[in-house]
Structures are given as structure tokens and as C-alpha cells.
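These are the residues of each chain, in order.
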Amino acid sequence: MSLISQLRDREHVFDFLAPDVSPVDVHHGVILYMEDVSVSFDGFRAINNLNLAIDDGELRCIIGPNGAGKTTMMDIITGKTRPDTGKVWFGTRHDLLRYDEPAIARLGIGRKFQKPTVFEALSVFENLELAMAADKRVWPTLRARLTGEETDRIAEVLTLIGLTSHRHDPAGILSHGQKQWLEIGMLLMQRPRLLLVDEPVAGMTEPEMERTAELLTSLAGEHSVVVVEHDMGFVRSIARTVTVLHQGSVLAEGSMDEVSANPKVIEVYLGEDAC
Amino acid sequence: MWWLKPAHEPITQRVLGVLAASTTAVLALHLLFPEGHALHISTYTLGLLGKYLAYALLAVAVDLVWGYLGILSLGHGAFFALGGYAMGMYLMRQIGDRGAYGHPELPDFMVFLNWQELPWFWHGFDQFGFALLMVLLAPGLLALVFGWLAFRSRVTGVYLSIITQALTFALMLAFFRNEMGFGGNNGLTDFKDMLGFDLREDSTRAGLFTITAITLGLGFWLCRALMLSKLGRVCVACRDAESRVRFLGYRVERFQLFIFVVSAMLAGVAGALYVPQVGIINPSEFAPIFSIEIVVWVALGGRATLYGAIIGALLVNYAKTFFTGLIPDAWLFILGGLFVAVTLALPQGVAGLMKHWRWPRTPDTTTQEARA
């Protein structure tokens with residue numbers, strides 16, 4: 001409909017005024033689709049013709065040596081970096097290249113950073129409160145009051161991440177592993193469709209790692225989860241499908257056993273790790 | 001309601017209690033004891049205290065953006081001065097034909113410049129309500145446009161500080177020009193009365209002092225209410241990890257813009273309270289060094305507490321009055337020395353020291369359980 005005829009039509013909300021809240025369309029079964037994505041920084045091709053499809057409800061692990069482009073890939077999906085060429089679709093309805101970081105977060109993509117990033121001056125409870133799915137514009141945020149339901153939801157996540165006894169402590173005094181957990185908890189509060197998790201077990205002890213593996217596996221199904229990880233043991237314990245990145249593109253994809261038997265993979269990555 | 005929250009907060013209760021008690025005490029000493037009595041507070045001292053309180057409100061405005069949002073504005077003097085000029089324009093129009101040249105409408109400096117009629121932007125300032133509106137709108141609009149451009153382009157940190165310095169410097173140069181129509185070098189002065197009250201009367205001075213104290217209390221309340229809300233926690237989050245906040249779905253630049261504009265308006269109100277008490281506003285209020293001084297008050301008092309800003313503004317300005325009377329040339333060295341000493345010995349300022357001594361168990365933010 002042209003703009004003029006839209007303005008004349010007083011029965012409907014104008015297209016350009018209607019908020020874009022359309023839900024993610026996954027009827028083809030794919031939640032994230034990247035095609036021929038390339039990006040270079042000062043001539044260095046960080047991502048080189050990357051093709052990747054993540055199914056709805058899937059748990060996918062992405063591995064690769066340092067500099068393979070794992071973090072850059074996450075930056076592209078979450079809107080932090082614009083690719084030079086290529087397509088990035090969230091479901092079949094949302095072209096992610098048209099949105100910025102907050103809009104992508106509101107569409108339902110949550111991200112955990114490589115270095116745990118929590119708000120250290122705020123309490124654990126407040127960290128979760130801020131992450132909670134809600135109207136995140138300025139005025140509604142000013143007037144926001146916690147409902148009983150929301151308090152319950154926060155309490156539930158606190159139990160899940162095992163930080164209930166720390167809920168009033170500033171996040172800054174938590175241990176490294178606890179911060180990782182808090183950040184995963186913040187992701188859950190966002191109720192995202194797709195979780196991007198960058199190195200979730202870095203700095204964790206063995207039992208903590210096991211609990212994280214359990215948690216991430218339980219999330220798959222309701223959410224789609226993409227895990228970038230260096231720790232091969234951890235990847236083996238959770239992975240169903242593994243994608244190996246090398247020099248900005250996909251080198252191999254398949255189950256952990258297939259991938260680790262692939263000679264190209266052994267050459268560039270697993271060989272040096274002696275896995 | 002979000003704006004009622006400070007009522008239940010011990011810090012706000014204490015600060016407002018102390019402010020109310022000391023204001024009443026000063027007024028009582030001023031009114032009850034005759035001039036010459038040892039306990040009498042003179043009109044001069046009262047005006048000085050009123051000026052300090054206006055500065056304290058300005059410091060609260062700076063602490064709001066610097067302490068909670070991490071935006072170090074080195075140009076808040078500009079918003080303060082704009083509010084001051086809006087009030088000054090009203091006071092100039094109130095002079096009427098009592099000016100030195102006796103012109104019924106034009107202020108003296110315009111007659112002196114041979115201007116025939118009032119410039120368009122001076123119209124309306126004979127109305128007190130309109131002037132009050134401008135006290136808020138002039139700094140608010142400048143902050144809105146400036147902040148929108150800066151925050152949208154994600155200009156933060158030291159770059160923003162430098163641009164705010166440039167902003168206030170540019171305004172200073174502009175206001176120095178006679179052609180701008182704001183009295184140039186001399187600024188606006190020779191005020192006679194305000195809402196019919198003679199500005200030289202003792203009772204008017206006492207009234208202005210009281211109004212300044214009340215406004216400071218209200219400004220403190222407003223800032224505290226903003227910071228106790230979820231919005232306040234988003235601000236602290238933006239200060240500490242801006243990009244993380246974006247990935248949670250908040251538009252950081254809009255939060256920054258909102259708080260920046262509120263802060264600029266508060267600074268404007270502070271300027272409007274300052275002008276009738278000191279009796280003059282001129283371009284020197286735009287001087288970059290003044291904006292830096294404000295930041296020093298806040299740093300000395302303690303960032304991100306709001307009451308620290310009040311303490312800092314009062315202490316430093318009292319020290320300034322004291323030392324410039326004693327050894328005029330040494331003041332800047334003393335200020336610099338104080339700043340270095342506090343930064344080294346008390347990184348959280350005077351407020352940090354007080355928290356440590358007197359309020360060891362009061363957390364800065366109220367617990368969620370009290371709120372939920």
C-alpha cells in the first residue's frame with residue numbers, strides 16, 4: 001500500500017507505525033540461517049563465505065582454533081558487526097542485517113560473552129531483574145514494578161543457577177565460575193529463542209562443568225543453543241552436531257565422532273590438541 | 001509509584017532531615033538575633049549560603065550523569081548558565097523604566113547599543129511563568145540536541161568530555177559578543193525586583209535562600225527516585241558494561257539521553273536560583289574551568305551517592321570563600337592539592353568516609369525484598 005493511500009485509510013494502524021513484534025517464523029525448521037557471509041577487518045578476512053544453518057531446538061557446538069572467526073560470527077548474528085556480504089536470517093521472517101543490537105535481543109537472541117560480563121555493582125538479583133524479558137523502553141523501565149510472577153521467575157532461575165544464597169550480594173564478589181552461571185541465568189531471564197553461548201565453562205571446576213553441561217542440554221528443545229567452546233571434553237559431553245570453523249569458514253560438520261575422524265580437522269585443529 | 005520510593009529510604013530521610021534542620025537553624029539565627037549579636041547570621045552570609053545551595057543542586061545534576069551513568073560532562077556550566085540567563089532576562093524585563101536610560105521596554109545595554117526594538121527572543125520574558133519554562137527548556141533542548149547527536153554516534157568517555165568542554169567554550173565566546181543580545185561582556189545585572197519583591201530587601205533574600213534549599217531537596221528527591229527505579233539500575237549497568245546492556249535489549253543511547261536532559265534541566269534550575277541571589281549573570285559562567293570545578297566538587301564529595309555531591313559543593317565553596325579571602329593567589333593550588341589528596345586518600349570522597357564510619361550497614365541501593 002502506498003503511503004498516501006495508507007494515510008487516507010483511517011481504519012488501520014499505518015504499517016510504519018505498527019511495532020514489529022511479529023514472532024519468529026520457524027515452520028521450515030530452521031531458526032538461524034547464514035549464507036555466504038564474509039567480513040574483513042583491514043584486509044584480514046575474519047569470516048570467509050560462511051554458510052551455517054541451525055535447526056529450531058537444536059544444540060550445536062562450534063569449535064575451531066583461535067582466530068577461526070567464532071566470536072566474529074556471534075558479533076554478526078547479534079548485530080555488533082555488519083558483514084560485507086551475505087545473508088543472515090532469523091527464522092524465515094527476520095533479516096537480522098536490518099536490526100541493531102537491542103532490536104535483535106528483543107527478537108529473542110540472547111548472548112553470553114566469552115569473558116563473563118555481569119553488572120558488578122548490582123546485586124545478583126538485580127542482574128537477573130534487568131535481564132528479564134519486559135518492555136525495555138525508557139518510560140516503562142522507570143515505572144516498572146516487579147510482579148509476584150516475575151519475582152517467582154527470578155527465584156526459579158536463582159535456584160537453577162545455584163545462587164539463591166548470594167542473591168543480595170554484589171555480582172562483583174562472585175567467583176569466576178559463579179559469574180559464568182549468573183550470565184547464563186541472565187540469558188534464561190530473557191526467554192530467548194536462540195542462545196549464543198561463548199565459552200561457558202572457561203575457568204570452571206570439573207563439577208561446575210558437569211552442571212553446566214546438564215543445564216545446556218536441558219535447555220535445548222525449548223530453546224535453540226549454539227555453544228562455542230575450546231574444551232574438547234566438554235564438547236564431547238554435550239554435542240550432538242559439531243561444526244568446525246577454520247579461517248572463517250566451515251571446515252566440517254557432523255557428529256563428534258565423524259568430525260574427529262575427519263583428516264582435515266585433525267590436521268588443523270584436533271591434532272595439536274591431541275584429543 | 002516510582003517517585004514515592006525515596007520516602008522509605010533511610011538515606012533520603014537523613015539527607016532531607018539534615019537539610020531542613022540546617023535551613024531552619026540558619027533562618028532562625030538570621031531572624032531571631034539582632035545585627036551585631038554574636039550568633040546573628042548576616043544577610044551577606046545568607047546570600048552566600050544560598051549561592052552554595054544553588055551550586056549543590058548543580059553538583060547533584062552532575063553526579064546524576066557522572067556518578068550513575070558514567071558520562072563525565074565537563075560542560076554542565078553551560079546548562080547552569082543558560083538557566084541563569086533565562087532568569088536574568090526576566091529580571092531585566094522587571095526593571096522596566098527604572099534603568100539608567102529610563103527606556104520603558106529596552107534594557108540599558110540595548111539602549112547603549114542604539115537598538116530600536118526588543119530582539120524576538122526577549123519577548124515573553126516579562127512573564128515569570130514563561131521565564132520558568134525557559135529555565136527548563138533552554139538547557140533541556142540544548143542537551144537533547146547535543147546528547148542525541150553524541151550518544152547516537154556512541155561518543156562516550158574522554159571524547160564526550162572534550163566535546164562538552166568545547167560546547168561550553170563556544171557558548172562563552174558567543175555570549176561575549178554584544179550582537180548576541182545578552183549584554184555581552186557585562187552580562188545581565190542591576191536587577192531590581194522579582195515578582196514584586198525587592199531583591200535588596202532582607203526578607204526577599206531570606207525567601208530566596210529558603211526556596212533554594214527546598215528546590216535542592218526536591219532535586220535530590222527526584223534524582224534519588226530515578227536512581228531507585230529499575231531505570232536507575234539500567235543506568236548503573238550502562239556505566240559498567242554498556243554493550244552488555246545493549247545485548248539485553250535496552251537502547252542505551254535513549255537512557256543516556258533521558259538522564260542527560262533531566263540533569264541539564266536541573267542544572268538550569270540551579271542557575272535560575274543562583275542569579276537573583278548573586279545579582280549578576282555574565283559569560284564567565286560558561287568558562288570551561290568552572291565546569292571542571294563542578295566535577296571536582298562531586299569527586300571530593302563522593303561519586304554516585306548524590307548527597308556526596310551536596311557535601312562536596314558546600315565544602316569546596318566554603319573553602320574557596322575562606323581561602324580567597326585569606327590568600328587569594330593560592331586558591332587554585334589549594335583546590336588542586338585537595339583534589340589530589342582526596343583522590344589518593346579517599347577514592348570514594350567524603351561520602352565514602354561517612355559510609356565507612358556512620359552507615360556501615362546501609363547498602364547504597366535498597367534491597368529487593370523491601371520493594372517486592
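In this convention, every chain numbers its residues from 1, walking through the sequence in written order. Lettering for chains starts from A, numbering for ligands starts from 1, and both go in the order in which the items are written. For a predicted model such as this one, the threshold for reporting local features is a pLDDT of at least 70, and the threshold for listing and counting side-chain atom pairs is 80 or more; totals across whole chains, interfaces and linings nevertheless cover every residue. By convention in this description, side-chain values take in all heavy atoms of the structure and omit both hydrogens and water.

**Student:** Can you help me understand the interface of chain A and chain B in this one?
**Tutor:** Interface size is commonly expressed as the accessible surface area that is lost when the partners come together. Here a residue-residue contact requires only that any non-hydrogen atoms of the pair lie within 4.5 Å. Residue-level contacts link 37 residues of chain A with 33 residues of chain B. In short, buried area is how much 1.4 Å probe accessible area vanishes from two parts on joining, totalled over both. Interface of chain A and chain B: buried area, both sides summed, is about 3200 Å²; carbon and sulfur atoms make up 64% of it. Counted as salt bridges are all cases of a side-chain nitrogen of Lys or Arg within 4 Å of a carboxyl oxygen of Asp or Glu. Linking chain A with chain B are four salt bridges. A salt bridge links D100 of chain A to R251 of chain B, with the nearest nitrogen and oxygen atoms 2.6 Å apart. N or O atoms closer than or at 3.5 Å make up a polar contact, with two conditions inside protein: a donor-capable atom paired with an acceptor-capable one, and, for residues adjacent in sequence, both atoms drawn from side chains. Our enumeration of links across chain A and chain B arrives at ten residue pairs in polar contact (both at pLDDT 80 or more). A run of H or I in DSSP counts as a helix once it spans at least four residues, and a run of E counts as a strand once it spans at least two, with each numbered from the N terminus. Mapped onto the side of chain A that touches chain B, the elements with two or more residues apiece are α3 (101-107), α4 (124-131), α5 (138-143) and α7 (176-189) of chain A. Of the residues in the side of chain A that touches chain B, the class split is 18 nonpolar, six polar and 13 charged. Each residue is assigned to one class: nonpolar for Ala, Val, Leu, Ile, Met, Phe, Trp, Tyr, Cys and Pro, charged for Asp, Glu, Lys and Arg, and polar for all the others, Gly among them.

**Student:** Would you take a moment to explain the environment of V26 of chain A for this structure?
**Tutor:** All names here are of chain A. Along the polypeptide, V26 turns up in the loop between α1 (3-8) and β1 (30-41). For V26, a relative accessible area of 18% gives the class buried. Linking V26 and S260, residues 234 residues apart in sequence, is a C-alpha distance of 31 Å. Discounting chain neighbours no more than four positions away, the residues touching V26 are I31, D56, G91 and R193. Think of it in three bands: residues with accessible area under 20% of the maximum for their type are buried, residues over 50% are exposed, and the middle band is partly exposed, with areas taken using a 1.4 Å probe on protein chains only.

**Student:** How do you make sense of the sheet that holds strand β10 (residues 249-254) of chain A when you look at a structure like this?
**Tutor:** Hydrogen bonds between backbone atoms are what pair the strands of a sheet, whose relative direction is either parallel or antiparallel. Residue and element names in this part refer to chain A. Spatial ordering of the open sheet is given by β6-β7-β8-β3-β9-β10, a layout of six strands whose pairing is mixed. Whereas interior strands pair on both sides, the edge strands pair on one side only; in this sheet they are β6 (109-112) and β10. Across this sheet, the average inter-strand angle for adjacent strands is 20 degrees, counted without regard to direction. DSSP bridges decide pairing: two strands pair if at least two such bridges lie between them. Judged from the four bridges that link them, strand β3 (residues 59-63) and strand β9 (residues 241-246) form a sheet pairing that is parallel. If you follow I62 over to β9, its bridge partner there is T243. α7 rests against β6 and β7 (194-198) of the sheet, and its axis sits at about 175 degrees to β6. Against the sheet, helix α8 (residues 206-219) contacts β3, β7 and β8 (224-228), and its axis sits at roughly 145 degrees relative to β8. Angles here are taken between N-to-C directions and fall from 0 to 180 degrees, while the axes themselves are lines fitted to C-alpha atoms, restricted in helices to the stretch in contact.

**Student:** Hey, could you run me through the side chain of E253 of chain B in this one?
**Tutor:** All names here are of chain B. With respect to the element layout, E253 can be found in helix α10 (residues 252-278). Charge counting treats Lys and Arg as positive and Asp and Glu as negative, with His and both chain ends excluded. Buried within the structure, E253 lacks any salt-bridge partner; its nearest side chain of opposite charge belongs to R246, at an N-O separation of 4.0 Å. Excluding residues within four positions of it along the chain, E253 makes contact with F151, R152 and R246.

**Student:** Honestly, the sheet that holds β1 of chain A in this entry has me stumped. Any pointers?
**Tutor:** All names here are of chain A. A sheet is described by the order of its strands in space; here four strands give the open sequence β2-β1-β4-β5, paired in antiparallel fashion. Unpaired on one side and paired on the other, β2 (44-55) and β5 (94-95) mark the two borders of the sheet. Of the strand pairs in this sheet, β1 and β2 are connected by eight bridges, and their pairing is antiparallel. Considered in β2, the bridge of V37 is made with L50.

**Student:** Could you clarify how one ought to interpret the packing of helix α2 (residues 43-68) of chain B against helix α7 (residues 202-228) of chain B in this entry?
**Tutor:** To characterise two packed helices, one gives the angle between the axes of the helices and the distance between these axes. Residue and element names in this part refer to chain B. One can describe the packing of α2 onto α7 by two numbers: an axis separation of 9 Å at closest approach and a directional angle of 15 degrees. Here α2 is positioned roughly parallel relative to α7, judged by the angle of their axes. As α2 packs across α7, the resulting crossing turns out to be left-handed. For the contact of α2 with α7, the class distribution of residues is 16 nonpolar, six polar and three charged. Each angle is binned into one of four classes, with values under 35 degrees roughly parallel, values over 145 roughly antiparallel, values of 65 to 115 roughly perpendicular, and all other values oblique. Here is the rule for handedness: rotate from the far helix to the near one, and if that takes an anticlockwise turn smaller than a right angle the crossing is left-handed, while a clockwise turn gives right-handed.

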